[in-house]
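Structural overview
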Amino acid sequence: MKIAHVTYGLGMGGIETMLVNISREQATSGHQVHLVVLNDIVEESLAGRIGEGVSLHLLGRPCGSYNPVYIIRMNRLLRSLAPDVVHLHYSSLSRYLFYRGLKRRMCVTLHEMYRPEVVKRLDRSGPVFAISDMVREDIASKLGLEATTVYNGIYPEQLKRRLSDRKPSEPFSIVEVGRLFHPEKGQDILIRAVAALVGRGRNVRLTLIGEGNSRVFLESLIAELGLGERVELMGNMPQSYVLSHIADYDLFVQPSRLEGFGLTVAEAMAAGVPVLVSDNNAPVEVVGHGKYGYLFHGEDPTDCARRIEEIMDSYPDSSFLARAYERVNTLYNVRNTASRYVELYEKLVISRQR
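Residues numbered from 1 in each chain as written. Predicted model: local features only at pLDDT ≥ 70, side-chain atom pairs only at ≥ 80, totals over all residues. Heavy atoms only, no water.

1. Re the overall build of the protein chain
- Tallying secondary structure elements over the protein chain gives 14 helices and 13 strands in all.
- In terms of overall dimensions, the protein chain is globule-like: its C-alpha atoms have a radius of gyration of 21 Å, near the 20 Å expected for 354 residues.
- For the C-alpha atoms alone, the extent of the protein chain along its principal axes is close to 65 × 40 × 40 Å.
- Taking all 354 residues of the protein chain together, 55% fall into the buried category.
- Accessible area for the protein chain stands at about 15000 Å²; split by element, carbon and sulfur atoms hold 49% of it.
- The protein chain carries 42 positive and 41 negative side-chain charges, and their two centres are separated by 8 Å. (Helix = DSSP H or I, 4+ residues; strand = E, 2+ residues; numbered from the N terminus. Rg over C-alpha atoms; globule rule 2.2 N^0.38 Å. Buried < 20%, exposed > 50% of the residue type's maximum accessible area, 1.4 Å probe, protein only. Areas by Shrake-Rupley, 256 points an atom, 1.4 Å probe, with all protein chains shown as cover. Lys, Arg positive; Asp, Glu negative; His and termini not counted. Charge placed at Lys NZ, Arg CZ, Asp CG, Glu CD.)

2. Comments concerning the packing of helix 10 (residues 263-270) against helix 13 (residues 318-331)
- Relative orientation of the contacting elements helix 10 and helix 13 amounts to 130 degrees, with a least axis distance of 8 Å. Judged by the angle between their axes, helix 10 and helix 13 are oblique. Note on packing geometry: the crossing formed by helix 10 with helix 13 is left-handed. Facing helix 10, whose interface residues are Ala266, Met269 and Ala270, helix 13 presents Ala324, Tyr325, Arg327 and Val328. (Axes fitted to C-alpha atoms, helices over the stretch in contact; angles between N-to-C directions. Parallel < 35°, antiparallel > 145°, perpendicular 65-115°, else oblique. Left-handed = near helix turned anticlockwise from the far one by under 90°. Contact = heavy atoms within 4.5 Å.)

3. Focus: the environment of asparagine 329
- Within the secondary structure, asparagine 329 is located in helix 13.
- Relative accessible area serves as the criterion here: at 28%, asparagine 329 is assigned to the partly exposed category.
- Residues asparagine 329 and glycine 226, 103 residues apart in the sequence, show an inter-C-alpha distance of 40 Å.
- In this structure, asparagine 329 is in contact with Pro156 and Asn336, ignoring residues within four places of it in sequence.

4. A look at the side chain of asparagine 333
- Within the secondary structure, asparagine 333 sits in the loop between helix 13 and helix 14 (334-353).
- Relative accessible area serves as the criterion here: at 7%, asparagine 333 is assigned to the buried category.
- With near-sequence residues (within four places) excluded, asparagine 333 lies in contact with Gly153, Ile154, Pro156 and Val328.

5. Side note on the pairing of strand 12 (residues 275-278)
- With burial as the criterion, each face of strand 12 is covered, one bearing Val275 and Val277 and the other bearing Leu276 and Ser278.
- As paired strands, strand 11 (residues 251-254) and strand 12 are joined by three bridges and run parallel to one another. Considered in strand 12, the bridge of valine 253 is made with leucine 276.
- For the segment spanning strand 11, helix 10 and strand 12, crossover handedness is right-handed.
- Relative to strand 13 (residues 294-296), strand 12 runs parallel, the two being bridged by three bridges. Each bridged residue has a counterpart across the sheet, and for valine 277 the counterpart in strand 13 is leucine 295. (Pairing = 2+ DSSP bridges. Right-handed = clockwise from strand over helix to strand, strands pointing away.)

Structure (structure tokens):
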């Protein structure tokens with residue numbers, strides 16, 4: 001099968017990481033895979049992981065450009081490739097495809113919870129795939145659209161594993177990985193929870209891995225709470241670093257306000273690190289509603305601090321962490337994600353021939 005994945009950019013992020021992994025895995029399975037990137041946002045370390053089996057097409061449109069030349073080039077490229085399926089990773093991309101034959105081959109993955117800007121033209125982008133049941137239910141209730149859940153996936157074996165008999169460190173080390181955008185990712189909630197723990201005399205240290213528009217805000221909050229020695233903003237790190245070093249921490253916390261899946265939660269579980277997530281987002285699914293990880297009340301730094309303290313005082317045993325690993329390996333393995341998409345593509349092709 002000839003597959004064309006189409007996206008705006010290839011920067012650092014969960015969507016981009018997943019897209020690279022799925023493309024590579026589909027190519028490994030014998031499919032002819034093309035990855036078309038419209039804008040000039042390309043993280044070299046991520047692009048370098050695509051592998052020889054995937055054809056990468058960089059159109060180089062400057063961000064914010066209205067120059068139609070790039071759209072024309074994309075349409076001509078896709079038409080010349082003649083893919084069996086055009087897999088969009090943002091529904092708004094459908095407005096740029098003007099050949100009827102391409103439109104009939106479209107499908108789209110919704111990678112986020114409902115927001116007006118991320119569901120533009122979702123009803124005109126072909127069959128819709130949702131990365132979690134929560135995303136699927138969200139758009140069904142708000143837009144009346146049916147979608148098929150295709151869970152995101154990772155390569156569990158690529159994660160360095162935490163030694164099963166290793167005791168928590170001193171200070172107790174906490175990590176969060178994600179774009180620094182607190183209105184969605186909730187890093188401010190976690191920082192306030194750390195402040196509460198320090199105020200109670202607990203020896204903790206927090207590392208935030210990622211970069212984004214909230215850096216200045218978070219730096220100001222850290223200074224205001226007197227946590228300069230307790231919280232580190234590490235900035236963006238290559239995926240290879242995350243895969244190798246998540247196991248160095250005692251606890252992974254995902255305090256998101258708005259999260260469609262949570263790849264980094266699955267990665268932490270695969271690394272043998274206990275995870276704590278807010279109870280109002282899709283990562284709840286990843287941790288089996290508390291069976292394979294821990295939950296705190298979303299938006300509540302006090303409850304987040306309470307749960308961290310409980311984990312510190314009663315650290316999970318190796319069997320708990322092993323079960324979490326097996327859940328990820330079984331349910332959130334990218335090989336399953338890639339093959340499931342191919343199954344759905346085949347149904348799309350068959351339906352188009354009727």
